[in-house]
Number of protein chains: 2
Amino acid sequence: MTDVASQGITVLLVDDHPIVRQGYRRVLESQGDLHVVAEADNAAEAYGAFKAHAPDVIVLDISMPGASGLEAIRNIRARDPRAKILCFTMHNEAVLVKSAFNAGASGYVTKSSEPSEVVKAIRAVARGERAMSDDVAHSLADASLSRSGSVLDELGEREIEILRQFAGGATTEQIASHLNLSVKTVQNYHYMIKTKTGARTDAQLVRIAASCGLTKL
Amino acid sequence: MTDVASQGITVLLVDDHPIVRQGYRRVLESQGDLHVVAEADNAAEAYGAFKAHAPDVIVLDISMPGASGLEAIRNIRARDPRAKILCFTMHNEAVLVKSAFNAGASGYVTKSSEPSEVVKAIRAVARGERAMSDDVAHSLADASLSRSGSVLDELGEREIEILRQFAGGATTEQIASHLNLSVKTVQNYHYMIKTKTGARTDAQLVRIAASCGLTKL
DNA sequence: ATTGGTTCGGGAAATTTGCCCGAGCTGTGA
DNA sequence: TCACAGCTCGGGCAAATTTCCCGAACCAAT
């Protein structure tokens, strides 16, 4: 009775799709204790809106392209570490989830979740707890029983270099000759990189490399 | 005065995100003349729901994975050519838009659009007109003007779809099952795509796909 | 000294690639 | 209407690569 919830929880919605925002707003408002006090269209506007309205929780869709969503989290948290950010997105890759959390997010819920789960997460985050939906927890658990940082610090120097060249479009032979290694060794590194990053496909590898800034485009 | 709109327009919502569906429903219902008579969670359920409720308009999120959205359009239209389908999605790539239309869609609106635009599109589609949002028209126009010479028009529709999924990180098996193809066929397409685009490596393929806007990174 | 991480590569089985093939289908133009 | 061309779908088979296993050398810290 004495906590913040009894006063209602104020929310800032950040999503680049207007109608989606409209929808969230209605769903949240129908809860009674949740009040959407502002909306923002993109990461850039998000901090301004946060400063202006000081909401209890920021619900942020990191819809990607790229790290713009993560960037926003870092920006806001850097300027006000009290900000509580709930990521609400359709992506459920462990790497992204991890990045979001150590960018400073307080929660992570996928759009596949039931509305009630989302609402629950907002309340939890408002209380200062960490929240995530079941599917997110599952993929995190799966992917990293013992990992702790960015995917990159799992990799050795050589592995990173080979990943970089590979993602840049080089063939195995080219990499081998660039680095004066046997083709076999490059193949083995390639394999190790895949297992360490959890990529099941070369394409996934490229995406991971790109998301780590290892390659542009 | 004698047309369907004066009686209200019935809508079937198809989207795999429950909360998003909730949101749309509320936005549409608040219009007065729009009535969401059914929802479906995925492409498979969509046709059943269509048959059961005979809605005036199907609002379909082809959120992908893969052609399941396009597949759904084709399925429904094959069984009932009177079906009016409005694609409502976050993707705004010319290739997809074109595929959607010649799969039989009546309209295409992105989630970046204002709610009012979406509603307008629904009404237009219900009247039997073709509808698309400004940004979609723009990217279609762009593409049709200055895109001869792009690698993409060397590729068939299937090839493009498979490239899209592959670049998105899907495995050969996943693609095969998404599209109901044999693994061998997907492998063959993969090979054809590589030769047609001149890519010597899967990583190069991903880069090409990205540079054509086929996938985001 | 021993453990542990990183670099380097061999070997063998399982998969995938590279390339060729034929068959069904559709639209287009003579 | 009859080709003809182009897309779609998949089999086959040799060659290449991937997947995992392994050992060896090096260096750093325990």
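Source: prediction; values computed, not measured.

## Some words on the protein's contact with DNA strand C
The full set close to DNA strand C counts 16 residues, and A:Arg158, A:Lys184, A:Thr185, A:Tyr189 and B:Tyr191 are the nearest of them. Sugar plus phosphate, as a fraction of atoms of DNA strand C within 4 Å of the protein: 67%. Residue B:Asn188 places a side-chain N or O atom 3.0 Å away from a base nitrogen belonging to DNA strand C. Ranked by the residues each element gives to the surface near DNA strand C, the list is headed by helix α9 (residues 183–197) of chain B, at six residues. When grouped by side-chain class, the residues that make up the surface near DNA strand C number three nonpolar, seven polar and six charged.

## Here we look at the packing of helix α7 (residues 157–167) of chain A against helix α9 (residues 183–197) of chain A
All names here are of chain A. Where α7 meets α9, the closest approach of the two axes is 10 Å, and the angle between their N-to-C directions is 95°. Between α7 and α9, the angle falls in the class roughly perpendicular. The segment α7 lies against α9, with Arg158, Glu159, Ile162, Leu163 and Phe166 engaging Val186, Tyr189, His190, Met192, Ile193 and Lys196. Considered class by class, the residues forming the contact of α7 with α9 number seven nonpolar, one polar and three charged.

## With respect to unusual backbone geometry
All names here are of chain B. Backbone geometry at Ala54 places phi at a positive 45°, although glycine is not the residue there. Residue placement: Ala54 occurs in the loop between α2 (43–53) and β3 (57–60). Of the residues examined, Ala54 reaches a relative accessible area of 53% and is grouped as exposed.

## Points about the protein's contact with DNA strand D
In the neighbourhood of DNA strand D, 15 residues make up the surrounding shell, with A:Tyr191, B:Arg158, B:Lys184, B:Thr185 and B:Tyr189 lying closest. At the protein interface, 69% of the atoms of DNA strand D within 4 Å belong to sugar or phosphate. Side-chain polar atom of B:Arg158 to a phosphate oxygen of DNA strand D: 2.6 Å apart, as the coordinates give it. Between DNA strand D and B:Tyr189, the relevant distance is 3.4 Å, taken from a phosphate oxygen to a side-chain nitrogen or oxygen of the residue. Breaking the surface near DNA strand D down by element, the ones donating at least two residues are α9 of chain A together with α7 (157–167) and α9 of chain B. With five residues, α9(A) is the single largest residue contributor to the surface near DNA strand D.

## Comments concerning empty space enclosed by the protein
Taken as a whole and assessed by the stated rule, the structure comprises four cavities of 30 Å³ or more. Along its surface, the largest cavity is lined by 13 residues, and A:Met90, A:Lys111, B:His17, B:Met90 and B:Lys111 are the ones closest to its centre. The class makeup of the residues in the lining of the largest cavity is five nonpolar, five polar and three charged. The volume enclosed by the second largest cavity comes to roughly 50 Å³. For the lining of the second largest cavity, the elements supplying multiple residues, two or more each, are α7, α8 (172–179) and α9 of chain A. Partitioning the lining of the second largest cavity into residue classes produces seven nonpolar, three polar and no charged.

## Comments concerning helix α1 (residues 18–29) of chain A
With twelve residues, α1(A) ought to run about 16 Å at 1.5 Å a step, and its terminal C-alpha atoms sit 16 Å apart, in line with that. Taken residue by residue, α1(A) has A:Pro18, A:Ile19, A:Val20, A:Arg21, A:Gly23, A:Tyr24, A:Val27 and A:Leu28 as its buried positions.

## With respect to the sheet that holds strand β1 (residues 9–14) of chain B
Residues and elements named next belong to chain B. Overall, parallel pairing links the six strands, which are arranged β2-β1-β3-β4-β5-β6 in an open sheet. Because the sheet does not close on itself, it has two edges, and the strands there are β2 (34–40) and β6 (131–132). Alignment of strand β4 (residues 85–89) against strand β5 (residues 107–110), held across four bridges, turns out to be parallel. Considered in β5, the bridge of Leu86 is made with Gly107. Packed onto the sheet, helix α5 (residues 115–126) meets β1, β2, β3, β4, β5 and β6 and runs at close to 160° relative to β4.

## Some points on the pattern of salt bridges
Where side chains of opposite charge bring their charged atoms close, a pairing between them can arise. Residue and element names in this part refer to chain A. Counted according to the given criterion, the structure contains 24 salt bridges over all chains. Salt-bridge contacts for Glu39 lead to Arg25; the nearest nitrogen and oxygen are separated by 2.6 Å. Of this pair, Glu39 sits in strand β2 (residues 34–40) while Arg25 sits in helix α1, and the two are 14 residues apart along the sequence. Residue class for Glu39 comes out partly exposed when judged on its relative accessible area of 28%. Classification of Arg25 as partly exposed rests on a relative accessible area of 28%. Between Lys194 and Asp202 there is a salt bridge, with the nearest N and O atoms lying 3.3 Å from each other. Looking at Lys194, the relative accessible area reads 23%, which means it is partly exposed. Owing to a relative accessible area of 14%, Asp202 belongs among the buried residues under this scheme. Several salt bridges converge on common partners, so that one network encompasses Arg21, Arg25, Glu29, Glu39 and Asp41.

What counts, and at which threshold
Residues numbered from 1 in each chain as written. Chains lettered and ligands numbered in written order. Predicted model: local features only at pLDDT ≥ 70, side-chain atom pairs only at ≥ 80, totals over all residues. Heavy atoms only, no water. Near = heavy atom within 4 Å. Polar contact = N/O pair within 3.5 Å; in protein donor to acceptor, adjacent residues only side chain to side chain. Helix = DSSP H or I, 4+ residues; strand = E, 2+ residues; numbered from the N terminus. Nonpolar A, V, L, I, M, F, W, Y, C, P; charged D, E, K, R; others polar. Axes fitted to C-alpha atoms, helices over the stretch in contact; angles between N-to-C directions. Parallel < 35°, antiparallel > 145°, perpendicular 65-115°, else oblique. Contact = heavy atoms within 4.5 Å. Buried < 20%, exposed > 50% of the residue type's maximum accessible area, 1.4 Å probe, protein only. 1 Å grid on protein atoms, 1.4 Å probe; cavity = no way out; pocket = protein on both sides within 12 Å on 5 of 7 lines; lining within 4 Å. Points joined across faces, edges and corners; volume = space filled by probe spheres on them. Expected span 1.5 Å × (residues − 1). Pairing = 2+ DSSP bridges. Salt bridge = Lys/Arg side-chain N within 4 Å of Asp/Glu carboxyl O.

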